[in-house]
Amino acid sequence: MDRLDGHAHLMIVSDLDYTMVDHDDQENLSLLRFNALWESDYRHNSLVVFSTGRSPTMYKQLRKEKPLLTPDITIMSVGTEITYGESMVPDDGWEQYLNHKWDRDVVLEETAKFPQLSFQSSTEQRPHKVSFFIQKGYAEEVMKSLSELLVNRGLDVKIIYSGGICLDILPLGAGKGEALAYLHKKFKADGKLPTNTLVCGDSGNDTELFSVPDVYGVVVSNAHEELLKWYAQNSKDNPKIIHATERCAAGIIQAIGHFGIGPNISPRDVMDSGCKIKSFNPGHEIVMFYLLYERWRRAEVENSDLTIDNMISITHPSGIIVPPSGVEHSILECIDTLVPCYGDKRGKQFRVWVDRVSSSQISSDSWLVKFDKWELSDEGRHCCLTTVLLNSKPETPKGFALVNVHQTWLDGYAADHTTWIL
Ligand code: GLC
Ligand code: MG
């Protein structure tokens, strides 16, 4: 909550499955486009919140499988669990609040009367969430009868149908929308209400996000029937909510542009020409630098002296790199090693992205930039905690140079990784 000194310019609150993550896109291209835009233009002044139906266990699993950024806040288990930061510190106050008129055992007793309901896996059963699968044809009828039975037993519950198959039972005060309203209230009390909030979703459990006061919303193009139905009945004439024409994360980028909330051109959609930059943004330069590295090895930039000269121009002549192995090299030497690697990842799996970029100006002409640098290749996925010292170098096109790069493996990973270059 305290990462930013002031209030956030933008708070994105996004569902994961089939909203931030497109499971039909094996290359994760739209997610990588979003990541690059976020780290380049938003991380320094904005907040990203993931709001998922998944339990903490399944959420952590997804983070291992997909190139997801680290969110500032994580809302899990359909808005029944909220955690903060990288270390996922739970909001105990929220969970206590949800005990009001809630009794899991009673929910289990009453749901046992419906053979149409089949339990989801044990990981998805949580203190304030009981979850089943149910065939579409039975859903409406069962939800109605169950709701009456639970009211008669003195509970205040919310029953949500998602994805045409999942049925969740939660305390009435829970849900993705209630969790967001709670966060807004907390931010407001601290005088840090975000200037803009953009909610993003594709299925039934996202519906209530769109009813939170004052938010912009995007229903991604690939949304499920239950959310589309709700949108048609409730939000079609609301100019703050759109049904995107793009799928998943591409729909989120589309919405940022549509509402004019801020930059909406992902660095991945731009070929860096090495041209003079207007105003210096360390996050943007780091994103562009690693994109150039990815494109070089994938042979997606021209193999020319100009490209190499551009790389050299952003390097301080005495710049050094301390890679995870600990053996120090000059950055110029590193670029020499990189030259023959042109296209060595052509047609192969190879992606590079950065996460948690933070920068601070440490003198009138230097910045310290810290970030997690991820690399995905056929050999697996690895992360380096990276610190870069940037100095201004006004005589060059970019106006800055890499002076020092220091990397260490995250989680003590120390395999002999000979192809690791930058
Ligand atoms: C996620 C959860 C599941 C839930 C569904 C819909 O898939 O894992 O338990 O029912 O979201 O909310
Ligand atoms: Mg979803």
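My aim in this report is to walk through the structure given alongside it, one point at a time. Starting afresh in each chain, residues are numbered from 1 along the sequence in its written order. Lettering for chains starts from A, numbering for ligands starts from 1, and both go in the order in which the items are written. Given that the model is predicted, a residue must reach a pLDDT of at least 70 before its local features are reported, and side-chain atom pairs must reach 80 or more before they are shown or counted; all residues, however, enter totals for whole chains, interfaces and linings. The basis for the side-chain values is all heavy atoms of the structure; hydrogens and waters are excluded.

**Focus: the overall build of the protein**
Next, step 1: The helix and strand tally for the protein stands at 11 helices and 18 strands.
Next, step 2: Using C-alpha atoms as the atom set, the radius of gyration is obtained and then compared with a globule rule of 2.2 Å times the number of residues to the power 0.38. The globule rule puts the C-alpha radius of gyration for 422 residues at 22 Å, and the 24 Å found for the protein is close to it.
Next, step 3: Each principal axis of the C-alpha atoms in the protein carries an extent, and together these give about 75 × 40 × 35 Å.
Next, step 4: Only heavy atoms enter the contact rule, under which two residues are in contact if any of them lie within 4.5 Å. Restricting the contact set of the protein to residue pairs at least 6 apart, pairs at least 24 apart contribute 64%.
Next, step 5: Carbon together with sulfur atoms contributes 52% to the accessible area of the protein, which is approximately 18500 Å² in total. Helix and strand definitions here come from DSSP, where helices need a minimum of 4 consecutive H or I residues and strands a minimum of 2 consecutive E residues; each element is numbered from the N-terminal end. The method behind every accessible area is Shrake-Rupley, applied with a 1.4 Å probe, and residues are considered shielded solely by the protein chains displayed.

**With respect to the layout of surface pockets**
Next, step 1: Space inside the largest pocket adds up to approximately 570 Å³.
Next, step 2: Broken down by secondary-structure element, the contributors of at least two residues to the lining of the largest pocket are α5 (136-152), β8 (157-162) and α7 (225-234).
Next, step 3: If one sorts the elements of the lining of the largest pocket by residue count, α7 sits on top with five residues. Space inside and on the surface of the protein is sampled on a 1 Å grid over the protein atoms alone, with a cavity defined as a set of points where a 1.4 Å probe fits but cannot get out and a pocket as an open set with protein on both sides within 12 Å along at least 5 of 7 lines; lining residues have an atom within 4 Å of a point. Grid points are joined across faces, edges and corners, and a volume is the space filled by probe spheres set on the points.

**Topic: the pattern of salt bridges**
Next, step 1: By definition, a salt bridge exists where a carboxyl oxygen of Asp or Glu is found within 4 Å of a side-chain nitrogen of Lys or Arg. One pass over the full model with this rule turns up 28 salt bridges.
Next, step 2: Connected through shared salt-bridge partners, R3, E39, R43, D72 and D355 make up one network.

**Observations regarding the coordination of the magnesium ion (ligand 2)**
Next, step 1: Shown as donors are all N, O and S atoms within 2.8 Å of a metal ion, widened to 3.2 Å for Na, K and Ca; because water is not in the atom set, sites may appear incomplete. Of the protein atoms, only D15 (OD), D17 (O) and D202 (OD) coordinate the magnesium ion (ligand 2), at distances of 2.1 to 2.2 Å.
Next, step 2: When the donor residues of the magnesium ion (ligand 2) are listed from N- to C-terminus, their spacing reads D-x1-D-x184-D.

**Here we look at the pairing of strand β16 (residues 366-377)**
Next, step 1: Among the 12 residues of β16, 10 are classified as buried, and the element is accordingly described as predominantly covered.
Next, step 2: Examined bridge by bridge, strand β15 (residues 350-363) and β16 share 11 bridges and lie antiparallel to one another. Of the residues in β16, the one forming a bridge with V352 is E375.
Next, step 3: We treat two strands as partners when DSSP finds at least two bridges between them. The turn joining β15 and β16, which pair antiparallel and follow one another in sequence, is formed by two residues.
Next, step 4: Turn length for the β16-strand β17 (residues 380-392) hairpin, with the two strands adjacent in sequence and antiparallel, is two residues. Throughout this description, buried means an accessible area under 20% of the type-specific maximum (1.4 Å probe, protein chains only), exposed means over 50%, and partly exposed covers the range between.

**Some thoughts on empty space enclosed by the protein**
Next, step 1: All told, the structure shown has three cavities of 30 Å³ or more when counted by the stated rule.
Next, step 2: Its boundaries defined by the atoms lining it, the largest cavity holds a volume of some 80 Å³.
Next, step 3: Looking at the largest cavity, the residues that line it are L32, N35, A36, E39, R268, V287, Y290, L291, V352, W353 and V354.
Next, step 4: Within the residue set of the lining of the largest cavity, elements represented by two or more residues are α1 (29-42), α9 (282-297) and β15.
Next, step 5: Gly is placed with the polar residues, together with every amino acid not listed as nonpolar (Ala, Val, Leu, Ile, Met, Phe, Trp, Tyr, Cys and Pro) or charged (Asp, Glu, Lys and Arg). Split into classes, the residues belonging to the lining of the largest cavity amount to eight nonpolar, one polar and two charged.
Next, step 6: Put simply, the second largest cavity is a space of about 40 Å³.

**Quick notes on the site of ligand 1**
Next, step 1: Taken together, G53, R54, V78, Q120, E124, K129, S131, S162, C166, D168 and N205 make up the full set of residues adjacent to ligand 1.
Next, step 2: Whenever a nitrogen or oxygen atom comes within 3.5 Å of another N or O atom, the pair is scored as a polar contact, on the condition that within protein one atom can donate a hydrogen and the other can accept it, and that pairs from neighbouring residues in sequence are kept only if both atoms are in side chains. One of the side-chain N or O atoms of E124 is found 2.6 Å from an oxygen atom in ligand 1.
Next, step 3: Between K129 and ligand 1, the recorded distance is 2.7 Å, taken from a side-chain N or O atom to an oxygen atom.
Next, step 4: Across the shell around ligand 1, the residue classes tally to two nonpolar, five polar and four charged. The near set for a molecule or strand comprises every residue that places at least one heavy atom within 4 Å of it.

**Here we look at the side chain of K129**
Next, step 1: Mapped onto the elements of the fold, K129 is located in the loop between β6 (118-119) and β7 (130-133).
Next, step 2: Positive charges come from Lys and Arg alone, negative charges from Asp and Glu alone, with His and the N- and C-terminal ends not counted. With no salt bridge to any partner, buried K129 finds its closest opposite charge in D168, at an N-O distance of 4.1 Å.
Next, step 3: A distance of 2.9 Å separates a polar side-chain atom of K129 from the backbone oxygen of E124.
Next, step 4: Each residue touching K129, except ones within four places of it in the same chain, is listed here: G53, S77, V78, T80, W102, R104, E124, D168, I169 and L170.

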